Amino acid sequence: MVLNSTQLSQVDAQIKRLVQTDSYYGRIYRELGIDGVDSQEAFERLPFSSKDDLRNAYPLGIQAVPDEKVVRIHSSSGTTGKPVIIPYTAKDVDDWATMFARCYETAGITSQDRIQITPGYGLWTAGIGFQAGCEKLGAMAIPMGPGNTDKQLQMMVDLKSTVITATSSYALLLAEEVSKRGLRDQICLKKGVIGSERWSEKMRAYIREGLGIELYDIYGLTEIYGPGIGINCEHETGIHYWDDYIYIEIVDPKTGQPVPDGEEGEIVITTLVKEGAPLIRFRTHDISRIIPEKCSCGRTYPRIDIIRGRSDDMFKVHGVNMFPSQVEDLLQNVDGVSSEYAITIAHDDEKNKDIMIVTVEAEGRVNFEATAQRIRELFKSRIGVTPKVTVVPVETLPRSEKKTKRVTDYRFADNP
Ligand code: ZN
């Protein structure tokens, strides 16, 4: 999907403004001799921006407006290193609320609704984004923040909340508590707006049934406003995103080259009108694809598919992109298999093809050979790749207190 003429002139204006400032990106573009863009080709030659840039610019190096224009900052923590600080102008805050209200509307939520907000308030962009969008829409916000499940359920019942907003894990916990306490008949929830992350179909079904709600996946990241830049519609066919505020391109995560519409790759986002901290070609590391067809809901906002995973976790065998999460989903459905597994990938130089070996643990009560056969079949039918499968007794594979390394790839020299 190429930039339309409005988007192209918006990016051009952003760059022309940035190079006039002493901001981090202003300096980078000046050094590279970039003073605007006049074509798709010129745009695609622009350097990517990344979370590393934002860390380098800590705390406020990325700020592209005078101090008096900044009304708020948000921060994303990240697991390593310095946090990232994003400054917002009054217009940025208002634009974000407008996008968020549009998300609620797309989910069929109206000013009649009562929205219980359980994501956290504070430095990160969650709670306050849900709140601002709710107020923009004119619905009633119930600003709970996370935790205190007793109070959550009391408010949910007494105030007759019709919408719950939450992370998938907290929505699951609430669904379990509603069931345990037999409150299903006392709650009035109709819809759930859930932060878009990867969550299993099993979990989705449990939340949907347990709370009796329709589920909507909202997309966004702190670096680009926060949640609210896109959401799925009632047809549940991908996420509509707001192309009057952001431009999305999908690139090959290895080469950085744009891929054709419909093909999977990394989401790269350009903000079109952001003032405080505009970002051009920001690499999200989220994997998805543009859905080229028009949505049957009639909305003309373009769509990306549900986020498939993180590019950092993706691995490719026989030309097929795979994620550890897919393997986990698949193994969940095999009787007697533990949650531990290891994947080894190597290249057979003689036959000139990749070999993938999956090692899983199984309980002594099941037949290891039949289990291996079942896993091979599941891989073939669900992922389209047939690995070699080894089944070993439970507790054979190494345990780690930190994040376990699941995939060892011997095809690349730099991968131990
Ligand atoms: Zn739609």
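Just so it is clear, the structure is predicted and the values come from calculations on it, not from any experiment. (Residues numbered from 1 in each chain as written. Predicted model: local features only at pLDDT ≥ 70, side-chain atom pairs only at ≥ 80, totals over all residues. Heavy atoms only, no water.)

A word on the overall build of the chain
- A count of helical and extended segments in the chain gives 11 helices and 20 strands.
- Taking 22 Å as the expected radius of gyration for a compact globule of 416 residues, we find that the chain reaches 23 Å, a close match to that expectation.
- Principal axes of the C-alpha set define a box for the chain whose edges measure 70 × 60 × 40 Å.
- Expressed as a percentage of the 416 residues in the chain, the buried residues total 51%.
- For the chain, the share of sequence-separated contacts (at least 6 apart) that also reach a separation of at least 24 residues comes to 64%. (Helix = DSSP H or I, 4+ residues; strand = E, 2+ residues; numbered from the N terminus. Rg over C-alpha atoms; globule rule 2.2 N^0.38 Å. Buried < 20%, exposed > 50% of the residue type's maximum accessible area, 1.4 Å probe, protein only. Contact = heavy atoms within 4.5 Å.)

Looking at the packing of helix 10 (residues 324-332) against helix 11 (residues 368-382)
- Close contact between helix 10 and helix 11 brings their axes to 10 Å; oriented N to C, the two are set at 130 degrees. With respect to helix 11, the element helix 10 is oriented oblique. Crossing of helix 10 over helix 11 shows right-handed handedness. Only I375, L378, F379 and R382 of helix 11 make contact with helix 10, whose side of the interface consists of V327, D329, L330 and L331.
- Taken together, the residues of the contact of helix 10 with helix 11 sort by class into six nonpolar, no polar and two charged. (Axes fitted to C-alpha atoms, helices over the stretch in contact; angles between N-to-C directions. Parallel < 35°, antiparallel > 145°, perpendicular 65-115°, else oblique. Left-handed = near helix turned anticlockwise from the far one by under 90°. Nonpolar A, V, L, I, M, F, W, Y, C, P; charged D, E, K, R; others polar.)

Digging into the coordination of the zinc ion
- For the zinc ion, the protein coordination sphere consists of C233 (SG), H240 (NE2), C295 (SG) and C297 (SG), at 2.1 to 2.3 Å.
- Coordination at the zinc ion is tetrahedral: its four donor atoms span angles of 103 to 116 degrees at the metal. (Donors = N, O, S within 2.8 Å, 3.2 Å for Na, K, Ca; no water. Tetrahedral: all angles 85-135°; square planar, octahedral: opposite > 155°, others 65-115°.)

Structural notes on the domain arrangement of the chain
- Domain assignment breaks the chain into domain 1 (89-311) and domain 2 (314-409).
- Computed from C-alpha coordinates alone, the two centres of domain 1 and domain 2 are separated by 32 Å.
- Domain 1 puts 10 residues into the contact, and the matching count from domain 2 is seven residues.
- Roughly 760 Å² is buried in total at the junction of domain 1 and domain 2, and carbon and sulfur atoms are behind 42% of that figure.
- Applying the counting rule to domain 1 against domain 2 returns zero salt bridges.
- Linking domain 1 with domain 2 are two residue pairs in polar contact (both at pLDDT 80 or more), by the criterion used here. (Domains from an automatic or database assignment. Buried area = accessible area lost by both parts, 1.4 Å probe. Salt bridge = Lys/Arg side-chain N within 4 Å of Asp/Glu carboxyl O. Polar contact = N/O pair within 3.5 Å; in protein donor to acceptor, adjacent residues only side chain to side chain.)

Points about the pattern of salt bridges
- Within this structure, the stated rule accounts for 26 salt bridges.
- Notably, a salt bridge pairs D244 with R102, separated by 2.8 Å at the nearest N-O pair. Linking D244 in the loop between strand 9 (239-241) and strand 10 (246-251) with R102 in helix 5 (residues 90-106), this pair joins segments that are 142 residues apart in sequence.
- Accessibility expressed as a relative area gives 32% for D244, which makes it partly exposed.

Here we look at helix 6 (residues 126-137)
- Taking 1.5 Å per residue as the helical rise, helix 6 with its 12 residues ought to reach 16 Å, and the 17 Å between its terminal C-alpha atoms agrees with that figure.
- Of the residues making up helix 6, those classed as buried are A126, G127, G129, F130, Q131, G133, C134 and L137.
- Immediately beyond the C-terminal end of helix 6, within one or two residues, lies G138, with a positive phi of roughly 95 degrees. (Expected span 1.5 Å × (residues − 1).)

Some thoughts on the sheet that holds strand 19 (residues 388-393)
- Spatially, 19-18-17-20 is the arrangement adopted by the four strands of the open sheet, whose pairing is mixed. For this open sheet the edge positions go to strand 19 and strand 20 (407-409), each flanked by a neighbour on one side alone. Averaged over neighbouring strand pairs, the angle between their axes works out to 15 degrees when direction is ignored.
- Along the sheet, helix 10 contacts strand 17 (337-348) and strand 18 (353-362); its crossing angle with strand 17, the most-contacted strand, is approximately 130 degrees.
- Running over the sheet, helix 11 touches strand 17, strand 18 and strand 19 and is turned about 140 degrees from strand 19. (Pairing = 2+ DSSP bridges.)

Description of the packing of aromatic side chains
- Evaluation of the coordinates by the stated rule reveals seven aromatic pairs.
- Chaining the aromatic ring pairs together yields one cluster made of Y24, Y25 and Y29.
- In this structure, K274 is placed above the aromatic ring of Y88, and the distance from its NZ or CZ to the ring centre is 5.0 Å.
- The cationic tip of K274 hangs over the ring face of Y225; the distance from NZ or CZ to the ring centre is 5.1 Å. (Phe/Tyr/Trp six-rings, centres within 6.5 Å; stacked < 30°, edge-to-face > 60°. Lys NZ or Arg CZ within 6 Å of the ring centre and 35° of its normal.)

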